[in-house]
Amino acid sequence: MLLEVGRLHIQTLIMDFSGISEMEMHVIDHIFKIIDGNSMMSCKMVITGLRPEIVQ
């Protein structure tokens with residue numbers, strides 16, 4: 001993903017998690033790393049579709 005964000009000069013990336021009912025902690029950690037990496041490349045992340053039980 002990071003390579004394509006840089007190559008295509010993507011400014012905004014939308015990640016939709018509406019089909020996910022459960023998420024393990026190591027997956028959440030990886031998502032935060034993706035968000036941080038995209039932020040360093042000046043790409044704004046929009047996350048949508050997270051269920052309340054996942055966010056908690």
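Please read these numbers as outputs of a predicted model, since none were measured by experiment.

So, a nonpolar patch on the surface
Phase 1 of the analysis: On the surface, Leu2, Met40 and Met41 cluster together into a nonpolar patch covering about 320 Å² of accessible area.
Phase 2 of the analysis: As for its placement among the helices and strands, Met40 is situated in helix H2 (residues 25-40).

Things to note about the nonpolar core
Phase 1 of the analysis: Val5, Leu13, Met15, Phe17, Met23, Ile28, Ile31, Cys43, Met45 and Ile54 together form the largest nonpolar core, which totals 10 residues.
Phase 2 of the analysis: Of all the elements in the fold, those that place two or more residues in this core are strand S1 (12-16) and H2.
Phase 3 of the analysis: Not counting residues up to four positions away in its chain, the partners in contact with Met45 are Leu13, Met15, Ile35 and Asn38.

Quick word on the confidence of the model for the protein chain
Phase 1 of the analysis: On average, residues of the protein chain score 91 in pLDDT, and 100% of them are at 70 or above.
Phase 2 of the analysis: Within the protein chain, the lowest mean pLDDT, 82, falls on helix H3 (residues 52-55), and the highest, 95, falls on S1.

Overview of H2
Phase 1 of the analysis: Between its first and last C-alpha, H2 extends 23 Å over 16 residues, near the 22 Å set by a 1.5 Å rise per residue.
Phase 2 of the analysis: Every buried residue of H2 is accounted for by Ile28, Ile31, Ile34, Gly37 and Asn38.
Phase 3 of the analysis: On the buried face of H2, the contacting elements are helix H1 (2-8), S1 and strand S2 (44-48).
Phase 4 of the analysis: A positive backbone phi angle near 60 degrees is found at Ser42, which sits one or two residues after H2.

With respect to unusual backbone geometry
Phase 1 of the analysis: The backbone phi angle of His9 is positive, close to 55 degrees, even though this residue is not glycine.
Phase 2 of the analysis: The exposure class of His9 is exposed, given its relative accessible area of 65%.
Phase 3 of the analysis: Although it is not a glycine, Ser42 sits at a positive phi angle of roughly 60 degrees.
Phase 4 of the analysis: As for its position among the elements, Ser42 is in the loop between H2 and S2.

Scoring rules and cut-offs
- Residues numbered from 1 in each chain as written.
- Predicted model: local features only at pLDDT ≥ 70, side-chain atom pairs only at ≥ 80, totals over all residues.
- Heavy atoms only, no water.
- Patch = residues over 30% accessible without salt bridge, like charges linked within 9 Å, V, L, I, M, F, W, Y side chains within 5 Å.
- Areas by Shrake-Rupley, 256 points an atom, 1.4 Å probe, with all protein chains shown as cover.
- Salt bridge = Lys/Arg side-chain N within 4 Å of Asp/Glu carboxyl O.
- Helix = DSSP H or I, 4+ residues; strand = E, 2+ residues; numbered from the N terminus.
- Core = buried A, V, L, I, M, F, W, Y, C linked by side-chain atoms within 4.5 Å.
- Buried < 20%, exposed > 50% of the residue type's maximum accessible area, 1.4 Å probe, protein only.
- Contact = heavy atoms within 4.5 Å.
- pLDDT = per-residue confidence, 0-100.
- Expected span 1.5 Å × (residues − 1).

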